[in-house]
Amino acid sequence: MNEANRSGIIQGATGEWEMVIGLEVHAQVKSNAKLFSGAATEFGGEPNNHVSLVDAAMPGMLPVINRECVRQAVRTGLAIGAKINKFSIFDRKNYFYADLPQGYQISQFKQPVVGEGCLTIELKDGSTKEIGIERLHLEQDAGKSLHDQHPDLTYVDLNRSGVALMEIVSMPDMRTPEEAGAYVRKLRTILRYIGSCDGNMEEGSMRADVNVSVRRAGAELGTRCEIKNVNSIRFIMQAIRYEAQRQVDILEDGGTIEQQTRLYDPGKGETRAMRSKEEAHDYRYFPDPDLLPLEFDDDFINEARESLPELPDVRKARLEETLGLNAYNASLLVAEKENADYYEALLSAFEGLTGKPATELATTAANWVTGDFFGLLNKAGKSVSESPVGPEAGAGLLALVADGTISGRTAKDVFEIMFETGKAADVIVDEQGLKQVSDQGELEAIIARIIADNPGQVEQYKGGKDKLFGFFVGQVMKATGGKANPKLVNELLRGTLDK
Amino acid sequence: MSVDKNTVVKIAHLARIGVEDKNLDAMTAELNNILAWIEQLNEVDTEGVEPMTSAVETKLRWRQDEVTDGGKSEDILKNAPESECGFFAVPKVLE
């Protein structure tokens, strides 16, 4: 990847080109049952087992909307600051495919349930940018086709058929692959915070169609190509880079861009045209005669609003402003709701154990959570919720450091044992005799002996060889098996040697 | 509004309905008759009238988010011309 591509400006032979990117994210709504039927949304399972006669489009079946799916769409709309439409329409989007038994997808076309909104993304250099959201609408997922199980046949599983999706359409406001990546990450964070989608891109519960075009800076929008169904943030960014460069190459050779649907092949790192021209889609949308308009009142919206947790941007601001955390720590902590929940639970327990105000402990706790704690979790491949060390246990460890029972260095070792055994910090410290020596008399006696044993070094130190101070600290640590309270050792040594 | 023969061919293809060439002229004329008939509705002044969504005063029914259906793959597959290993089996779809 060269610098030009990272910035979103492509240097061509004839001048500079700018990328213009818009995303349509499909997010599976977290619900027990499907959008219009009572079949389960559960992932996996025996083929065609989570299918009702409605999902299989048997004649005479009628769709009945799932309240929870509407509620989650409204909550999501509120979380991205969007206009909620109390009146919206379901339309049929007509096309033929083996895994679409109805011959149409029930979707929303002209009047979606959620209108314009906005998302603030954060970039690596710390700057922020607002990305407009055009709309959010509810629609049905299709079934799944397996093309590689039989030489002449395609197998079709309808378990996903009819599962509710939210399609969230951005404005063409992104100019670099990095911005597109940050947008998807931010959207996923919000969906996971409010629990309207699990955001699991590997299982396909979140995927994106990526629209890419290029133009001369400030010129009219160019013709776009749509890259369908990209299922990871890394692939989205790679696909954009490849596609933008492909378009620039065509334009610089005097060609024109054909509006196309393309696929990204992660193995080859390239996009290729998906459907031939005569198959170009003409969806012939029309209002679904089986469904009356979707209507709800202000009470329904207010209830949805009240059910929202503190959103990541607000939480980040609170951690920075009321607890004094730096932006870096705050971003790391709010990226996942469970991370921030863990941190705040730990901080509150830490407060209880030490009796000190949260503002005084906040940064110590944040450094530990984002440092030692995340470090060991990453190494073990575990998420915060799977951590064998809960927030109270973590606070117990930090409290031992705070009151001088153990040193920060010892705390790292104790934490590793906690992580392996699930034992409490104070138990481990007792069992292994790790309590640091903070007894002044005991340390003074040790220091006196060391000074008596090393007259040469004492003389050199007093003669100006300051570096030898470290030698004396080392000797005390050696004599105490590393358990001497380093702060106290420093003080006592200074008192003895520098007088 | 009216349609020509090419449009009829296109619509038939989109709807996956086979129309023989010899029937195209008749089909085009028939569709144009229907369109002309419906077009009479344009004579009615609908200024300020909300689109009608139902013939009776009724609202969309909602269901609770409960799993009440499924577990009937045999029924689901019963009418399929071909099925294998619990899947519908259809002629290979090539992308």
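Residues numbered from 1 in each chain as written. Chains lettered and ligands numbered in written order. Predicted model: local features only at pLDDT ≥ 70, side-chain atom pairs only at ≥ 80, totals over all residues.

**Considering the overall build of chain A**
Each helix and strand counted, chain A has 16 helices and 17 strands in total. The C-alpha radius of gyration computed for chain A amounts to 30 Å, which surpasses the reference 23 Å derived for 499 residues by more than 25%, pointing to a less compact arrangement than a globule. For chain A, the spread of C-alpha atoms along the principal axes amounts to about 95 × 55 × 50 Å. Looking at chain A as a whole, 40% of its 499 residues qualify as buried. A separation threshold of at least 6 residues defines the contact pool for chain A, and within that pool the share at least 24 residues apart is 69%. (Helix = DSSP H or I, 4+ residues; strand = E, 2+ residues; numbered from the N terminus. Rg over C-alpha atoms; globule rule 2.2 N^0.38 Å. Buried ≥ 20, exposed ≤ 12 C-beta atoms within 10 Å, placed from the backbone. Contact = placed C-beta atoms within 7 Å.)

**A closer look at the overall build of chain B**
Each helix and strand in chain B was counted, giving three helices and three strands. From first element to last, N terminus to C terminus, chain B shows the α and β order α-α-β-α-β-β. The C-alpha atoms of chain B give 22 Å as radius of gyration, which overshoots the globular expectation for 95 residues (12 Å, by more than 25%). Principal-axis analysis of the C-alpha atoms gives chain B an extent of 55 × 45 × 25 Å. Looking at chain B as a whole, 11% of its 95 residues are labelled buried.

**Structural notes on the interface of chain A and chain B**
Taken together, the contact between chain A and chain B spans 38 residues of the former and 31 residues of the latter. A total of five residues in the side of chain A that touches chain B trace back to one element, the largest contributor, which is strand β10 (residues 153-157) of chain A. Bridge count between strand β3 (residues 65-66) of chain A and strand β1 (residues 62-63) of chain B: two bridges; the pairing is parallel. Following the sheet pairing, N66 of chain A is matched in β1 of chain B by R63 of chain B. (Pairing = 2+ DSSP bridges.)

**Quick word on the confidence of the model for chain A**
Averaged over every residue, the pLDDT of chain A is 92; the share at 70 or more is 97%. Predicted confidence for residues 1-5 of chain A stays below pLDDT 50, and this span has seven contacts to residues more than four positions away or in other chains. (pLDDT = per-residue confidence, 0-100.)

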